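Residue-level listing of the chains:
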There are 2 protein chains.
Amino acid sequence: MINKNNYIGYQGIPGSYSEEALKEYFGENVQTKNYPEFLGVFEALNEKEIDYGVLPLENSSTGAINDVYDLLRSYGFYIVGERNIKVDHNLVVNKGTKIEDLTEVYSHSQALEQSSRYLKEHPNWQLIPYKNTAISARYIKEENLKTKAAIASKRAAELYDLDILAENINYNKNNYTRFIIIGRNLEVSERCNKLSIIMTVLHEPGMLNKSLQIFSDHKVNLLKIESRPIIERSWEYFFYIDLEGNLEKNNLQEVLHLVKKNSSYYKLLGNYQKSEV
Amino acid sequence: MINKNNYIGYQGIPGSYSEEALKEYFGENVQTKNYPEFLGVFEALNEKEIDYGVLPLENSSTGAINDVYDLLRSYGFYIVGERNIKVDHNLVVNKGTKIEDLTEVYSHSQALEQSSRYLKEHPNWQLIPYKNTAISARYIKEENLKTKAAIASKRAAELYDLDILAENINYNKNNYTRFIIIGRNLEVSERCNKLSIIMTVLHEPGMLNKSLQIFSDHKVNLLKIESRPIIERSWEYFFYIDLEGNLEKNNLQEVLHLVKKNSSYYKLLGNYQKSEV
């Protein structure tokens, strides 16, 4: 379980939403390491450089973050927690920059997409997808040009000493990103009330129905189903399913055993406490 | 129904996979119009500039194309057909370009992702997400530089008179994109054997189970379930569901009526013939 000597890894740089999720979940006084790619967090956890990793899994406007879903499956780690973070995007620039001088806007492709209605009012700006919102802010600072802007958080603007030219430019004012905390072991405590699994079904008619039926028969509530393609087997899917329950308290062990028997592939991703937001 | 005077719209330019899907579905002798954005195809269909549109909906390696899912819901058109297209990506360059001179590679972000294993062998290349694979190829041709390459189809290489430096660089050799044909009306014929719907469930425990149960009770086979976030209502979802069946032949009308009664939002997306590939 989590203690104060743990190292926690995240993707991005200080000022990123991932760092914010990390601080909210673990508090301010933990030791952190950051990595340029999602893959780096998984590798670091694998090599015990870090004890836990914090990764974005889905956004309430733009949906699943596919790479993280796929890495989660291939590394075999467990989700031990989740935290939803409110995401408000801002147009940030070097001090003294005027909106009419801008020609290029840098940000993560999802942040560009979430700000698309605002950006359409400025059709002459070139939109440049970049690794991360905070990295975009830092890049703007380093370049120190009056023609370039980034879309990033207020925290990133403060950290890199940038001005905010337009606030909350995301079209969905109810914009959250769901972050998961991953670890090397399954961690089940009394407070866990949400469960994630991956399964595939045999490629025969009715098999997906049959698996889902098991949950209904045992009154296990389904929260979400996501289909991800199986590489090399076109039009068959990994189903990522979120359920309600606690592995120790409910009849879930039995239910999952039945689901596993009905699947050609099955993996328990974790049992954890639902984020309150 | 489709006739030879119809105008068919697609996103992209000649040489795109969308144009290829269009030709495969409608044949070579139809009148086509092309648009720079997915949105343009929906708008053109709305304003009766075109009779049908051809759009990519999912790729067997990288998953759903979220924008098209969202547009499909908001415009209220119908899926009248689908066609799966084998997608093989190639590194294409101006004649005489050597691989060691390349510094930049342009393509659609999904094509870059699908070619990621090959691209990792060339870490010094800057990868630039661009609108479309065919537009990337045309751009390379226009720039006429020996430092830039595009990732595109063989058809695009031919059309824009470019050389192929590396063939089939997508890591998944079984890489297909599923295209849908959309029209203004529901079109049901004897050959239709696949159905798509969108539904939401009331935000109460067990409601997703209850809706899915209806399909199982009536022996309707589920093929796929995709969850898309509902903007302004965090962590509630539109469920996009593919089913087997024909609206005129099976008991589907009754089943869908029950599903609709159990949903806070329900929409029939279409009944069509499954692609053979």
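Note that the coordinates shown come from a computational prediction; the quantities given were computed from them, not determined experimentally. (Residues numbered from 1 in each chain as written. Chains lettered and ligands numbered in written order. Predicted model: local features only at pLDDT ≥ 70, side-chain atom pairs only at ≥ 80, totals over all residues. Heavy atoms only, no water.)

Undergrad: Looking at this model, I keep getting lost on the relation of the copies chain B and chain A. Mind explaining?
TA: Two chain copies, one operation linking them: a rotation about an axis together with a shift along it. Overlay of chain B on chain A (RMSD 0.0 Å): rotation 180 degrees, translation along the axis 0.0 Å. Here the transformation between the copies is reduced to the relation of a two-fold axis. Among all residues of chain B, the one whose C-alpha sits closest to the rotation axis is Glu226 of chain B, at a distance of 2.6 Å. Interface overlap between copies: 100% of the residues of chain B at the interface are likewise at the interface in chain A, consistent with a symmetric, same-surface contact. (Least-squares fit on C-alpha atoms with pLDDT ≥ 70 in both. Contact = heavy atoms within 4.5 Å.)

Undergrad: Help me understand the interface of chain B and chain A, please; the structure alone is not making it clear to me.
TA: The partner chain A presents 46 residues to the 45 residues of chain B that form the contact. Note on chain B versus chain A: buried area summed over both sides is about 3600 Å², and carbon and sulfur give 48% of it. Scanning the region where chain B abuts chain A turns up 12 residue pairs in polar contact (both at pLDDT 80 or more). Among the secondary structure elements, those contributing two or more residues to the side of chain B that touches chain A are strand S3 (52-59), helix H3 (66-75), strand S11 (176-183), helix H8 (207-217), strand S13 (222-230) and strand S14 (233-244) of chain B. If one sorts the elements of the side of chain B that touches chain A by residue count, S13 of chain B sits on top with nine residues. (Buried area = accessible area lost by both parts, 1.4 Å probe. Polar contact = N/O pair within 3.5 Å; in protein donor to acceptor, adjacent residues only side chain to side chain. Helix = DSSP H or I, 4+ residues; strand = E, 2+ residues; numbered from the N terminus.)

Undergrad: So what exactly am I meant to see when it comes to empty space enclosed by the protein here?
TA: What the rule picks out here adds up to four cavities of 30 Å³ or more. Looking at the largest cavity, its volume works out to about 90 Å³. Those elements that provide at least two residues to the lining of the largest cavity are strand S4 (63-64) and strand S13 (222-230) of chain A together with strand S4 (63-64) and S13 of chain B. Across the lining of the largest cavity, the residue classes break down as two nonpolar, six polar and four charged. (1 Å grid on protein atoms, 1.4 Å probe; cavity = no way out; pocket = protein on both sides within 12 Å on 5 of 7 lines; lining within 4 Å. Points joined across faces, edges and corners; volume = space filled by probe spheres on them. Nonpolar A, V, L, I, M, F, W, Y, C, P; charged D, E, K, R; others polar.)

Undergrad: Teacher, can you tell me more about helix H9 (residues 252-261) of chain B here?
TA: Every α-helical turn comprises 3.6 residues, leaving residues that sit three or four positions apart pointing alike. All names here are of chain B. Looking only at H9, the buried set comprises Leu252, Val255, Leu256 and Val259. Viewed end-on, H9 has its buried residues packed into an arc of 95 degrees, placing them on one side of the element. Looking at H9, the residues exposed on the side facing more than 90 degrees away from the buried face are Gln253 and Lys261. (Buried < 20%, exposed > 50% of the residue type's maximum accessible area, 1.4 Å probe, protein only. Arc of directions from axis to C-beta.)

Undergrad: For this particular structure, what's the right way to read H3 of chain B?
TA: Inspection of H3 of chain B places Val68, Tyr69, Leu71, Leu72 and Arg73 of chain B among the buried residues, and these make up the whole buried set. A positive backbone phi angle near 75 degrees is found at Gly76 of chain B, which sits one or two residues after H3 of chain B.

Undergrad: In this structure, what is going on with the domain arrangement of chain A? I would like to understand it.
TA: How big an interface is tends to be stated in terms of accessible area lost as the parts join. Residues and elements named next belong to chain A. The domains assigned to chain A are domain 1 (7-86 + 176-183), domain 2 (90-166) and domain 3 (194-272). Computed from C-alpha atoms alone, the centre-to-centre distance between domain 1 and domain 3 is 23 Å. In this complex, domain 1 contributes 15 residues to the contact, which on the side of domain 3 involves 16 residues. With both sides pooled, the region where domain 1 packs onto domain 3 buries about 1300 Å², and carbon together with sulfur makes up 51% of that total. Across the domain 1-domain 3 interface, the total number found is four salt bridges. The closest approach of N and O atoms between Asp242 and Arg178, which form a salt bridge, is 3.3 Å. Between the two partners, domain 1 and domain 3, sit nine residue pairs in polar contact (both at pLDDT 80 or more). (Domains from an automatic or database assignment. Salt bridge = Lys/Arg side-chain N within 4 Å of Asp/Glu carboxyl O.)

Undergrad: In this structure, what is going on with the pairing of strand S9 (residues 148-152) of chain B? I would like to understand it.
TA: Here is the key point about a regular strand: its side chains alternate between the two faces of the sheet. All names here are of chain B. For S9, the buried fraction is high: five of the five residues fall into the buried class. Alternating positions in S9 separate into two faces, Lys148, Ala150 and Ala152 on one and Ala149 and Ile151 on the other, with burial throughout. With three bridges joining them, strand S6 (residues 90-93) and S9 adopt antiparallel strand pairing. Among the inter-strand pairings, Val92 is bridged to a residue of S9, identified as Ala150. Sheet topology note: the strand S7 (residues 104-107)/S9 ladder contains three bridges and is parallel. Counted as the bridge partner of Glu104 is Lys148 from S9. (Pairing = 2+ DSSP bridges.)

Undergrad: What's the story with the packing of helix H2 (residues 38-46) of chain B against H3 of chain B in this structure? I'm lost.
TA: For any two helices packed against each other, the geometry is given by the interaxial angle and the distance between the axes. All names here are of chain B. For the pair H2 and H3, the least separation of the axes is 10 Å and the interaxial angle reads 20 degrees. Put simply, H2 runs roughly parallel to H3. Crossing of H2 against H3: the hand is right-handed. Of the residues in H3, those in contact with Phe38, Leu39, Phe42, Glu43 and Asn46 of H2 are Asp67, Val68, Leu71, Leu72 and Tyr75. For the contact of H2 with H3, the residue count by class is seven nonpolar, one polar and two charged. (Axes fitted to C-alpha atoms, helices over the stretch in contact; angles between N-to-C directions. Parallel < 35°, antiparallel > 145°, perpendicular 65-115°, else oblique. Left-handed = near helix turned anticlockwise from the far one by under 90°.)

Undergrad: Got a minute to help me understand the sheet that holds S6 of chain B in this structure?
TA: Strands pair in a sheet through their backbones, by hydrogen bonds, and they do so in one of two ways: parallel or antiparallel. All names here are of chain B. Taken in spatial order, the five strands of this open sheet run S8-S7-S9-S6-S10, and their pairing is mixed. At either end of the open sheet lies a strand with only one pairing partner, and these are strand S8 (126-129) and strand S10 (163-166). On average, adjacent strands in this sheet sit at an angle of 35 degrees to one another, irrespective of strand direction. In terms of strand pairing, S6 meets S10 through three bridges, oriented antiparallel. Its bridge partner being in S10, Leu91 is matched across the sheet by Ala166.

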